[in-house]
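Results of the structural survey
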4 protein chains.
Amino acid sequence: MIFHGKHIQVTVFGQSHAPAIGAVIDGLPAGFRVDMPKLHDFLKRRAPGQGAYTTARKEPDIPEFLSGLTEDVTCGAPVCAVIRNRDTRSSDYAPFRDVPRPSHADWPAMVKYGEAYDIRGGGPFSGRLTAPLCIAGGIALQMLETRGILVGAYIRRIGEIEASGIPDPAEISPGDIARLLQNGFPVLNPEDKDALLAEIAGARNEQDSVGGIVECIATGLPAGIGGPFFEGLESALAAALFAIPAIKGVEFGDGFGAGRMRGSAHNDGYTVKDGKICTLTNHAGGIAGGITTGMPLILRTAFKPTPSIGKKQQSVNLRTMEPEELTIQGRHDPCIVPRAVPVVEAVTALVLLDQLTE
Amino acid sequence: MIFHGKHIQVTVFGQSHAPAIGAVIDGLPAGFRVDMPKLHDFLKRRAPGQGAYTTARKEPDIPEFLSGLTEDVTCGAPVCAVIRNRDTRSSDYAPFRDVPRPSHADWPAMVKYGEAYDIRGGGPFSGRLTAPLCIAGGIALQMLETRGILVGAYIRRIGEIEASGIPDPAEISPGDIARLLQNGFPVLNPEDKDALLAEIAGARNEQDSVGGIVECIATGLPAGIGGPFFEGLESALAAALFAIPAIKGVEFGDGFGAGRMRGSAHNDGYTVKDGKICTLTNHAGGIAGGITTGMPLILRTAFKPTPSIGKKQQSVNLRTMEPEELTIQGRHDPCIVPRAVPVVEAVTALVLLDQLTE
Amino acid sequence: MIFHGKHIQVTVFGQSHAPAIGAVIDGLPAGFRVDMPKLHDFLKRRAPGQGAYTTARKEPDIPEFLSGLTEDVTCGAPVCAVIRNRDTRSSDYAPFRDVPRPSHADWPAMVKYGEAYDIRGGGPFSGRLTAPLCIAGGIALQMLETRGILVGAYIRRIGEIEASGIPDPAEISPGDIARLLQNGFPVLNPEDKDALLAEIAGARNEQDSVGGIVECIATGLPAGIGGPFFEGLESALAAALFAIPAIKGVEFGDGFGAGRMRGSAHNDGYTVKDGKICTLTNHAGGIAGGITTGMPLILRTAFKPTPSIGKKQQSVNLRTMEPEELTIQGRHDPCIVPRAVPVVEAVTALVLLDQLTE
Amino acid sequence: MIFHGKHIQVTVFGQSHAPAIGAVIDGLPAGFRVDMPKLHDFLKRRAPGQGAYTTARKEPDIPEFLSGLTEDVTCGAPVCAVIRNRDTRSSDYAPFRDVPRPSHADWPAMVKYGEAYDIRGGGPFSGRLTAPLCIAGGIALQMLETRGILVGAYIRRIGEIEASGIPDPAEISPGDIARLLQNGFPVLNPEDKDALLAEIAGARNEQDSVGGIVECIATGLPAGIGGPFFEGLESALAAALFAIPAIKGVEFGDGFGAGRMRGSAHNDGYTVKDGKICTLTNHAGGIAGGITTGMPLILRTAFKPTPSIGKKQQSVNLRTMEPEELTIQGRHDPCIVPRAVPVVEAVTALVLLDQLTE
């Protein structure tokens, strides 16, 4: 479970119900002072137990730094951060070893790892392991910010409810991102919040879950980052983003919409602004030929609905090889999307920092 | 420009107007006899000069194998295949060094590489470099077939025209793929062909281009391939697919559609069929928790419209830093999608073979 | 600080005086029960505070496993083990920031990391970080043993005293290694022990230190592991072994001695024994063409004398850029070689397990 | 067969008797003009057919560049260079498939690759594949030279004859290297040449071969390159050097000699010279803690005697599994050492350039 960047490697470890989860972040530049309160605030955005749409599991998720920082300053050695698992109810998961939960990793993981697989809480597949990713990404976000690069994500859809996007992808100001982050709920337009929450509540009330779409933007990126074919920035970003549990689609700029378009509508003509080359439009989402154009980065990720639902589901008893109905108890998010927003920011920031370290 | 698989590495080299393009394929199992006529047939599907929708550039694209094969049998040493570039008209590209083509790599590549960048024919960013990818992938397809794994891709959309998809993603037979490949035009339903070609012709007639969507399926995959987080099969596939020029989106199973769904509709319940665990539906596209479920793999890729169009476009003269209108002459595909279909198959096959070599 | 194997990755973290040191071991097969008392015994062989030749620093060095094991059985998730640092006297190291210790990493590390470098106890360059390596390698040794592969190392030289080597490198039995490991002091011939210890005592009495040579052998390796050029087993082993602090040379089989030899003396002719191909001699040390021959692996590593000595040394004050004499206080090994023996075993085992996981 | 640097990757391909051998060099900076005559001169130093000590096989070994250069200037795309194999006598190698040559890769390679292994000329294990390495390294040498870094190697031993080394490892001037390279035979002291050649002639006259030691130095390296543990420069250099066929040992600075030394004799005290920190001595060979000290790099590599000798040898017939005597016909170097000198330079330069690209 290693993010193999060109300069930065992040080794994620832990299972949902192991003694701890954590990450080792290698390759960070030395001499950077981590703003700890800011990092804790960032981690809180992902943490459970915040509101109606999250699991009731409560985990303070305050990381302990075991190495790599001296008085919060990176010293060049790998940074290891650990979060202890406390509020675990492992017995909740005993039945799933015999009767795997649909659309969870339970069954494919048992095929891969055999009997030894640690199914409790989803083991190493748990969304809980995005917490260490957010530690790494939260530090990356701070490092990017000192270079004038801001990364922000927000909800574009939950189930049937679409939320506002960027009005003009060629015109995103750092202020747009700053405003976004000050918002209690990660949307571009605060007026969208209630309808999105209602969609989640609707799913929860029916013991169901619901999926969604998260959009992520970055401003301040220089042109020239990335490369041809397997060196492309889209490849690096997509590989990292698909590592986030529940993501089933990644697109850049107009993405799948580009499949409907004519070249004359999709091409981004060049112009000069303040003595700098830029594009008139930004259908490319800031990347052409796998390389940044200097325009804002725009990407979207699709999240499937949380597979843990209270409704009765069809499964199979692996001992008897007979069909068996399954009703999942326990504490689960009806919609992972709001908590996934900082994870998308974290992973995007990690990749950008890695590419920029060049 | 290296595909860094776990066991297989493919180093792609060449520029569109260099003496040659090619690939070195390392890590293939020894003792496999490549079916050369079959490989040539596969390469022909990607080659230009085939019909109304392709560039007039004619390249036989017959690879010469410099190493790694003895009488067409892999010997364990890296396989190097080379295709000479012949039908090049480099002078076509001289103007773009001053006035970069919108939505091409021209400008970002010049930022990255400086004056030395070989802009002729798009240099190393040219779609022409998908030919060596197809050599590697074409061999991978043959190797997978001996393991009972079939990979096939087809057009799902060109511009405004949608083409038929798989009726039931949980029920794809190897025969479906075999039939698909026998088809002269890569669609599931031959009746879709005319409308798709008309859409391309429409764009061409207006000196424009058009994008599309390619779907790829694979049958015969065992369960248990992939892993958690950065080891996920979706990450590996997406990273490789985004390396294909013009791809702007990748999704698995229901993909972005999953963002609209409830868990009760999206979850794939388990059942037993012929003594084997399988799922009742296949919204996951054959991958859950980053690991294959043993169900057919289903993925879609979005292609942007070819950026080279005959219409007048807005650019900037990099010498004068003044806006300048640009009209691209030369031979270009109005739609890359039909020729991209085997490239998607090739790249998918490469990743699958690599993961299965484990 | 990642060991990037083909299948196994070990991320080492920590500084000598950070809250902890540790390792994350990724890629181990699931379902293996770690023999914890045996692992602790192995770690004790490396631990300080054992005898006349080690530092007085006392660290129980009992690892806590944070993830990857359920009741001592690998579950497929990365194994994270942590050792808290307790007995640290950081103030000992304050002066070296201004006046770097000769032949330590102090000065080059400050050039690399700048002021932020954590110089206390040698930071991430400390020999103390071989403890997590031994956790990873100790597990690897156990896994290899179940495959019939034994790895053992022993002292061949300390300073002017040479110790016995294998009488016939073509004839090493597993019993030779078993006997070696039962020995309280890692030598092939117990009669060598006193002279070696006297050599260390001689150095200590003069407030000096002394270097040495460690030989490592492995039996039970199958033929066919490794590959040509950069895939050679010697490359993999040497890269990992040179990661051990203080190692300045690595050789296989006759090593540097082969430079004096004729081909007729060095070549290992083939014969058949018990129906198996083997070689009459083993000048190759079990590797030809980068690939195992099935004969015992034999390698040697050269350790420089511990750079921390009580004698007065010449250094420079980095503030004043004036020469300054330096006398190092504190607790240091006069000879690292005896404690380095299990580290060589650990690293060799890690590489072999990684290559064999193929 | 890929050199996986941090920034530079070199994919070597070919077998001794395949249509061609070659290399793809990825990650070189764009805009560098390769001095082709100088590169050809460098390759000539490795080429066969030069004198009494080399094989009679004649190969002009002039590379054709298929990509990555436009008028000899790197354009940022991967550089592919190919050398056609012409003067091959494959029938010479037919017998070795049944009766493997001692101390060659023949047998272990057949275990690894099976019947498909291309044994002709040693297949991908042939020393001939060091020619593409020299193309890559020859370009690296030129790039390093523009940064003021010179790399040079020379013979330190052939069989029983030792040749002169650097008088003071702390005092090596660029002029020393320049003089070395102007020398027709790679020794520091021209007076050593005759005795070394006589040693080779002695072996040849007895249809035997002889090994040797090559020393390599580099001046102009900045301090601060490398890192702790697996990031150490010694690991990177050793991994690459052991990829050279026939190398059985690698050591830095005093290397194995350090095992005999006291710390007080081995430590390199600091001093200030021309306002720069440097060391009084250079026992470390320019690397401490895995990081360059800014002092000259010094390393030595041990070459085993060429395994192909005319003398009768003991082998086994793999068909009958009976012992069989073998007499190798054909054209072989009695001593590979003189031709290996530029290979050691090439590989050292590649690693240094890669590390410095950071």
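Residues numbered from 1 in each chain as written. Chains lettered and ligands numbered in written order. Predicted model: local features only at pLDDT ≥ 70, side-chain atom pairs only at ≥ 80, totals over all residues. Heavy atoms only, no water.

Our next topic: the overall build of chain A. Across its full length, chain A holds eight helices and 18 strands. Here the C-alpha atoms of chain A give a radius of gyration of 21 Å, agreeing with the 21 Å that 2.2 N^0.38 yields for 358 residues. Along the first, second and third principal axes, the C-alpha atoms of chain A reach 70 × 50 × 40 Å. Considering only intrachain contacts with a sequence separation of at least 6, the fraction spanning at least 24 residues in chain A is 72%. Element-wise, carbon and sulfur atoms account for 50% of the exposed surface of chain A, whose accessible area totals about 11300 Å². Both charge centroids of chain A, one from 34 positive and one from 40 negative side chains, sit 3 Å from each other. (Helix = DSSP H or I, 4+ residues; strand = E, 2+ residues; numbered from the N terminus. Rg over C-alpha atoms; globule rule 2.2 N^0.38 Å. Contact = heavy atoms within 4.5 Å. Areas by Shrake-Rupley, 256 points an atom, 1.4 Å probe, with all protein chains shown as cover. Lys, Arg positive; Asp, Glu negative; His and termini not counted. Charge placed at Lys NZ, Arg CZ, Asp CG, Glu CD.)

Below, the discussion takes up the pairing of strand β12 (residues 270-273) of chain A. Residue and element names in this part refer to chain A. As paired strands, β12 and strand β13 (residues 276-279) are joined by four bridges and run antiparallel to one another. Within the sheet, the bridge partner assigned to Lys273 lies in β13 and is Lys276. Where β12 folds back onto β13 in an antiparallel hairpin, the turn is made up of two residues, including Asp274, whose phi is positive at roughly 50°. (Pairing = 2+ DSSP bridges.)

Attention now goes to the sheet that holds strand β9 (residues 161-162) of chain B. Pairing in this open sheet of ten strands is antiparallel, and the strands run β9(A)-β8(A)-β10(A)-β16(A)-β11(A)-β11(B)-β16(B)-β10(B)-β8(B)-β9(B) from one edge to the other. Here the strands that pair on one side only, and so sit at the sheet edges, are β9 (161-162) of chain A together with β9 of chain B. As paired elements, strand β11 (residues 247-252) of chain A and strand β11 (residues 247-252) of chain B share three bridges and run antiparallel to each other. Each residue of the ladder has a partner; that of A:Val250, found in β11(B), is B:Val250. Sheet contacts for helix α6 (residues 233-241) of chain B: β11 of chain A together with β11 and β16 (297-303) of chain B; angle to β11(B), the most-contacted strand, approximately 160°. (Axes fitted to C-alpha atoms, helices over the stretch in contact; angles between N-to-C directions.)

Across the boundary between the two partners, chain B contributes 99 residues, which contact 99 residues of chain A. For the chain B face of the interface with chain A, the top three residues by lost area are B:Phe229, B:Phe230 and B:Tyr270, together amounting to 12%. Between chain B and chain A we count six salt bridges in total. With a shortest N-O distance of 3.3 Å, B:Arg262 and A:Glu206 are connected by a salt bridge. Our enumeration of links across chain B and chain A arrives at 39 residue pairs in polar contact (both at pLDDT 80 or more). Looking at side-chain class alone, the side of chain B that touches chain A contains 52 nonpolar, 31 polar and 16 charged residues. (Buried area = accessible area lost by both parts, 1.4 Å probe. Salt bridge = Lys/Arg side-chain N within 4 Å of Asp/Glu carboxyl O. Polar contact = N/O pair within 3.5 Å; in protein donor to acceptor, adjacent residues only side chain to side chain. Nonpolar A, V, L, I, M, F, W, Y, C, P; charged D, E, K, R; others polar.)

Below, the discussion takes up the relation of the copies chain B and chain A. Each copy of the sequence occupies a distinct position, and chain B is placed on chain A by a rotation of 180° and an axial shift of 0.0 Å, giving an RMSD of 0.0 Å. Each copy turns onto its partner about a two-fold axis. Closest approach to the rotation axis within chain B is made by the C-alpha atom of B:Ala239, at a distance of 2.5 Å. By residue overlap, the copies meet face to face through one surface: 100% of the interface positions of chain B are interface positions in chain A. (Least-squares fit on C-alpha atoms with pLDDT ≥ 70 in both.)

Turning our eyes to something else, we now look at the sheet that holds strand β4 (residues 64-67) of chain D. As a general point, the strands of a sheet are linked pairwise by backbone hydrogen bonds and lie either parallel or antiparallel. All names here are of chain D. If you walk across this open sheet you meet the five strands as β1-β2-β3-β7-β4, and the pairing is antiparallel. Whereas interior strands pair on both sides, the edge strands pair on one side only; in this sheet they are β1 (2-4) and β4. For this sheet, the mean angle separating the axes of adjacent strands, direction not counted, is 15°. In the sheet, strand β3 (residues 20-26) pairs with strand β7 (residues 79-84) via six bridges, with the strands oriented antiparallel. Within β7, the residue paired with Ile25 across the bridge is Val79. Docked against the sheet, helix α3 (residues 130-146) engages β2 (9-14), β3, β4 and β7, running at close to 30° with respect to β3.

Right, let's get into the packing of aromatic side chains. All names here are of chain C. Within the structure shown, the criterion is met by 26 aromatic pairs over all chains. Note on Tyr117 and Phe125: the rings are 6.0 Å apart at their centroids and 70° apart in plane angle, and the pair reads as edge-to-face. Here Tyr117 falls in the buried class, since its relative accessible area comes to 1%. With relative accessibility at 11%, the residue Phe125 sits in the buried group. (Phe/Tyr/Trp six-rings, centres within 6.5 Å; stacked < 30°, edge-to-face > 60°. Buried < 20%, exposed > 50% of the residue type's maximum accessible area, 1.4 Å probe, protein only.)

As a further point, take the packing of helix α6 (residues 233-241) of chain D against helix α8 (residues 337-356) of chain D. Residue and element names in this part refer to chain D. Contact geometry of α6 with α8 gives a least axis separation of 9 Å together with a crossing angle of 140°. One finds that α6 runs oblique with respect to α8. Relative to α8, α6 is oriented so that their crossing is right-handed. Between α6 and α8, the residues in contact are Leu233, Ala236, Leu237, Ala240 and Leu241 and Val344, Val347, Thr348, Val351, Leu352 and Gln355, respectively. (Parallel < 35°, antiparallel > 145°, perpendicular 65-115°, else oblique. Left-handed = near helix turned anticlockwise from the far one by under 90°.)

With that settled, the discussion passes to helix α2 (residues 106-113) of chain D. Counting buried positions over the eight residues of α2(D) gives six, a clear majority of the element. Every buried residue belonging to α2(D) is among D:Asp106, D:Trp107, D:Pro108, D:Ala109, D:Met110 and D:Tyr113, and all of these are buried. Along its buried surface, α2(D) packs onto β12 (270-273), β13 (276-279), β14 (287-288) and β15 (291-292) of chain C.

This part is about unusual backbone geometry. In this structure, A:Ala246 is a non-glycine residue whose phi angle is positive, near 85°. Secondary-structure assignment places A:Ala246 in the loop between α6 (233-241) and β11. Despite not being glycine, B:Glu71 shows a phi value in the positive range, around 50°. Along the chain, B:Glu71 falls in the loop between β5 (69-70) and β6 (73-74).

What follows covers the interface of chain C and chain A. Facing the 37 residues of chain C at the interface are 37 residues of chain A. For the pair chain C and chain A, the two sides together bury roughly 2600 Å², of which 64% comes from carbon and sulfur. The largest per-residue losses of area from chain C upon contact with chain A belong to C:Phe13, C:Leu66 and C:Ala116, which jointly make up 19% of the total buried on that side. Taken together, the connections running from chain C to chain A amount to two salt bridges. Inspection of the region where chain C meets chain A yields nine residue pairs in polar contact (both at pLDDT 80 or more). Put simply, the parts of the chain that give the side of chain C that touches chain A at least two residues each are β1 (2-4), β2 (9-14), β3 (20-26), β4 (64-67), β6 (73-74) and β7 (79-84) of chain C. By residue number, the principal contributor to the side of chain C that touches chain A is β2(C), which donates five residues. Taken together, the residues of the side of chain C that touches chain A sort by class into 21 nonpolar, eleven polar and five charged.

Least-squares fitting of chain C to chain A yields an RMSD of 0.0 Å, with the transformation described by 0.0 Å of translation along the axis and a rotation of 180°. When the interface residues of chain C are mapped onto chain A, 100% of them are again interface residues, pointing to one common binding face.

Before going further, it helps to spend a moment on the environment of C:Asp333. Residues and elements named next belong to chain C. For Asp333, the location among the structural elements is in the loop between β18 (322-326) and α8 (337-356). With a relative accessible area of 5%, Asp333 lands in the buried category. Once the C-alpha coordinates of Asp333 and Pro307 are considered, the two residues, 26 residues apart in sequence, prove to be 9.5 Å apart.

Now for the pairing of strand β10 (residues 212-219) of chain D. All names here are of chain D. Burial of β10 is extensive: eight of the eight residues sit out of reach of the surface. Here strand β8 (residues 150-158) runs beside β10; their pairing, made up of eight bridges, is antiparallel. The residue bridging Arg157 from the neighbouring strand is Ile213, located in β10. Bridge count for β10 against strand β16 (residues 297-303) is seven bridges, and the pairing is antiparallel. Bridge pairing in β16 links Cys216 to Leu299.

It is worth spelling out the pattern of salt bridges at this point. For the structure on display, the rule yields 80 salt bridges over all chains. In this structure, A:Arg156 and A:Glu215 form a salt bridge, with 2.7 Å as the shortest nitrogen-oxygen distance. One end of the pair, A:Arg156, is in strand β8 (residues 150-158); the other, A:Glu215, is in strand β10 (residues 212-219), with 59 residues separating them in the sequence. On the basis of relative accessibility, which here comes to 16%, the residue A:Arg156 falls in the buried class. Across the pair D:Lys273 and D:Glu171 runs a salt bridge whose closest N-O atoms are separated by 2.6 Å. Of this pair, D:Lys273 sits in strand β12 (residues 270-273) while D:Glu171 sits in the loop between β9 (161-162) and α4 (174-182), and the two are 102 residues apart along the sequence. On the basis of relative accessibility, which here comes to 40%, the residue D:Lys273 falls in the partly exposed class. One continuous salt-bridge network, built from bridges that share partners, spans A:Arg156, A:Arg157, A:Glu162, A:Glu215, A:Glu251 and A:Arg300.

With that settled, consider the side chain of A:Asp268. Relative to the helices and strands, A:Asp268 is located in the loop between α7 (263-266) and β12. Here A:His283 takes part through its backbone nitrogen, which lies 2.8 Å from a polar atom of the side chain of A:Asp268. With residues near it in sequence (within four places) discarded, A:Asp268 still touches A:Thr279, A:Thr281, A:Asn282, A:His283, A:Ala284, B:Pro102 and B:Ser103.

What follows deals with the environment of C:Pro222. All names here are of chain C. Summarising the element assignment, Pro222 is placed in the loop between β10 (212-219) and α6 (233-241). Between the alpha carbons of Pro222 and Gly294 there is a distance of 4.8 Å; along the sequence they are 72 residues apart. Non-local contacts of Pro222, meaning those with residues more than four positions away in its chain, are made with Ile149, Thr292, Gly294 and Leu356.

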